[in-house]
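A look at the structure
Residue strings, one per chain:
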Amino acid sequence: MMRLFVAIPIAEPIRQRLAALHGGVPGARWMEADSLHLTLRFIGEVPEDQAIDIDEALLGLRTAPFALTLDGVGLFGSARRARILWAGVERNDALTHLQAKVETALVRCGLPADAHAFTPHVTLARLRDAPAERLGRYLSDHGLFRAGPMPVNRLTLYRSHLSDHGSRYEVLADYPLTSA
Ligand code: ATP
Ligand code: MG
């Protein structure tokens, strides 16, 4: 079995803009620059033969490149029990369309439909026992954060290796977006 997800990798110079958001939150574990990504679809554990079908389905996608802009910062979880600190993504019809196409392709591979609404974000840090007051200050300090436009010209199929020291992402394949 392999734990997979489909995402847009975050490229320079946006990585540097996101690295500049590090700090100021006790208990935060910040993402490594080369792990930064925007998840389009978390797949989870699949057997190897299904991973091959998934690869073929993603190869078959025909989508033109576009650009996206990061906008603001926020939290998943309540202010008292926040788990994830993220950068938001400005509303983007091309991104929504791409996510829907990926979802359709994966359901055709036999994966269960994703019951959750797509909430585009880039995870910046995992939080543990972060003081609410510091988080509040962080959010107001960085509320006006914006970065981009970032060209999106490929998707990536990642394999996630979980361990006690955190997760490590392995790039399994890239899928260029082409206008032709
Ligand atoms: P850890 O779970 O150990 O904190 P991680 O979240 O970085 O590590 P994964 O759980 O493998 O690693 O997740 C890979 C990517 O998929 C991340 O972007 C994560 O936010 C996203 N993801 C994980 N689980 C889900 C889920 N149930 N629904 C939507 N996205 C998910
Ligand atoms: Mg996780």
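Note that the structure is a prediction, hence the values are computed from the model and not measured.

Let us now look at a positive patch on the surface. Where like charges cluster on the molecular surface, the positive patch consists of R29, R81, R83 and R128. Positionally, R81 belongs in the loop between β4 (66-76) and β5 (84-89).

The next subject is the nonpolar core. Counting 57 residues, the largest nonpolar core has I8, L18, I54, L68, L127 and L155 as its most contacted members. The greatest single-element share of this core, amounting to 6 residues, is contributed by strand β1 (residues 2-9). With near-sequence residues (within four places) excluded, L155 lies in contact with V6, A7, I8, L40, L61, L98, V102, A173, D174, Y175 and L177.

Moving on: unusual backbone geometry. Backbone torsion omega between E12 and P13 reads 0°, so that peptide bond is classified as cis. With omega at 0°, the peptide bond leading from G148 into P149 counts as cis. Mapped onto the elements, P149 comes out in strand β7 (residues 146-152). Phi angles above zero are rare outside glycine, and D129 is one such case at about 55°. Along the polypeptide, D129 turns up in the loop between β6 (121-127) and α4 (132-141).

Inspection of the secondary structure assignment puts R3 in strand β1. Separated by 158 residues in sequence, R3 and H161 have C-alpha atoms that sit 7.2 Å apart. The residues touching R3, leaving out its near neighbours within four places in the chain, are F42, G44, E45, Y158, R159, S160 and L162.

A few words now on the packing of aromatic side chains. Tallied over the entire structure, the rule returns 5 aromatic pairs. Ring geometry for W30 against Y138: centres 6.1 Å apart, planes inclined by 40°, an arrangement best described as tilted. Within this pair, whereas W30 is found in strand β2 (residues 28-30), its partner Y138 is found in helix α4, the two being separated by 108 residues in sequence. W30 sits in the partly exposed class, given a relative accessible area of 22%.

Below, the discussion takes up the site of ligand 1. Surrounding ligand 1, one finds R3, F5, H37, T39, F42, R126, S160, L162, S167 and Y169. Contacts to ligand 1 include H37, whose side-chain N or O atom sits 2.6 Å from an oxygen atom. Put simply, ligand 1 lies in the largest pocket. At the level of elements, β1 and β3 (37-46) are the ones that each hand at least two residues to the shell around ligand 1. Broken down by element, the shell around ligand 1 gets its largest block of residues, 3 residues, from β3. For the shell around ligand 1, the per-class residue count stands at 4 nonpolar, 4 polar and 2 charged.

This next bit is on the pattern of salt bridges. Using the criterion set out here, one finds 7 salt bridges in the structure. One salt bridge in this structure joins R146 and E90, with 2.7 Å as the shortest N-O distance. With R146 in strand β7 and E90 in the loop between β5 and α3 (93-108), the pair connects residues that are 56 residues apart, well separated along the chain. For R146, a relative accessible area of 40% puts it in the partly exposed group. Classification of E90 as partly exposed rests on a relative accessible area of 31%. Through salt bridges with shared partners, a single ionic network connects R41, E103 and D114.

By volume, the largest pocket is sized at about 680 Å³. Along the walls of the largest pocket sit 24 residues, with H37, T39, F42, H121 and T123 positioned nearest its centre. Secondary-structure elements contributing two or more residues to the lining of the largest pocket are β1, β3, α3 and β6. Considered as a void within the structure, the second largest pocket measures approximately 370 Å³ in volume. Lining of the second largest pocket is provided by 13 residues; of these, R29, M31, G166, S167 and R168 occupy positions nearest its centre.

The rules behind these values
- Residue positions are given per chain, counting from 1 as you read along its sequence in written order.
- Each chain takes a letter, starting from A, and each ligand takes a number, starting from 1, following the order in which they are written.
- Totals for whole chains, interfaces and linings use every residue, but because this is a predicted model, local features are given only for residues with pLDDT of at least 70 and side-chain atom pairs only at 80 or more, for both listing and counting.
- The side-chain numbers reported here are obtained from all heavy atoms of the structure, hydrogens and water having been left aside.
- Like charges within 9 Å and nonpolar side chains (Val, Leu, Ile, Met, Phe, Trp, Tyr) within 5 Å are joined into patches, using only residues over 30% in relative accessible area that form no salt bridge.
- Here the Shrake-Rupley method, with its probe set to 1.4 Å, supplies the accessible areas, and only the displayed protein chains count as covering residues.
- Put simply, a salt bridge is a Lys or Arg side-chain nitrogen that is within 4 Å of an Asp or Glu carboxyl oxygen.
- Counting rule for charge: Lys and Arg are taken as positive, Asp and Glu as negative, and neither His nor the chain ends is counted.
- Charged groups are reduced to one reference atom each: NZ for lysine, CZ for arginine, CG for aspartic acid, CD for glutamic acid.
- Every helix listed is a DSSP run of H or I at least four residues long, and every strand listed is a run of E at least two residues long, numbered separately from the N terminus.
- Buried Ala, Val, Leu, Ile, Met, Phe, Trp, Tyr and Cys residues form a nonpolar core when they are joined through side-chain atoms within 4.5 Å.
- The classification of residues rests on relative accessible area computed with a 1.4 Å probe and restricted to protein chains. Under 20% of the type maximum is buried, over 50% is exposed, and intermediate values are partly exposed.
- We call two residues contacting when some pair of their heavy atoms lies within 4.5 Å.
- Each pair of aromatic rings taken from Phe, Tyr and Trp, with Trp reduced to its six-membered ring, is defined by centres within 6.5 Å and is described as stacked if the planes are under 30 degrees apart, edge-to-face if over 60, and tilted in the remaining cases.
- To be near a molecule or strand, a residue needs just one of its heavy atoms within 4 Å of it.
- Residues adjacent in sequence count toward polar contacts only when both atoms are side-chain atoms; beyond that, a polar contact is any pair of N or O atoms within 3.5 Å, and within protein one must be able to donate a hydrogen and the other to accept it.
- In this analysis, the protein atoms alone were mapped onto a 1 Å grid. Cavities are point sets where a 1.4 Å probe fits without being able to get out; pockets are open sets with protein on both sides within 12 Å along at least five of seven lines; lining residues have an atom within 4 Å of a point.
- More than half of a molecule's atoms lying within 2 Å of a cavity's or pocket's grid points is what places that molecule inside it.
- Throughout this entry, Asp, Glu, Lys and Arg are counted as charged residues, while Ala, Val, Leu, Ile, Met, Phe, Trp, Tyr, Cys and Pro are counted as nonpolar. The remaining residues, Gly among them, count as polar.
- Grid points are joined across faces, edges and corners, and a volume is the space filled by probe spheres set on the points.

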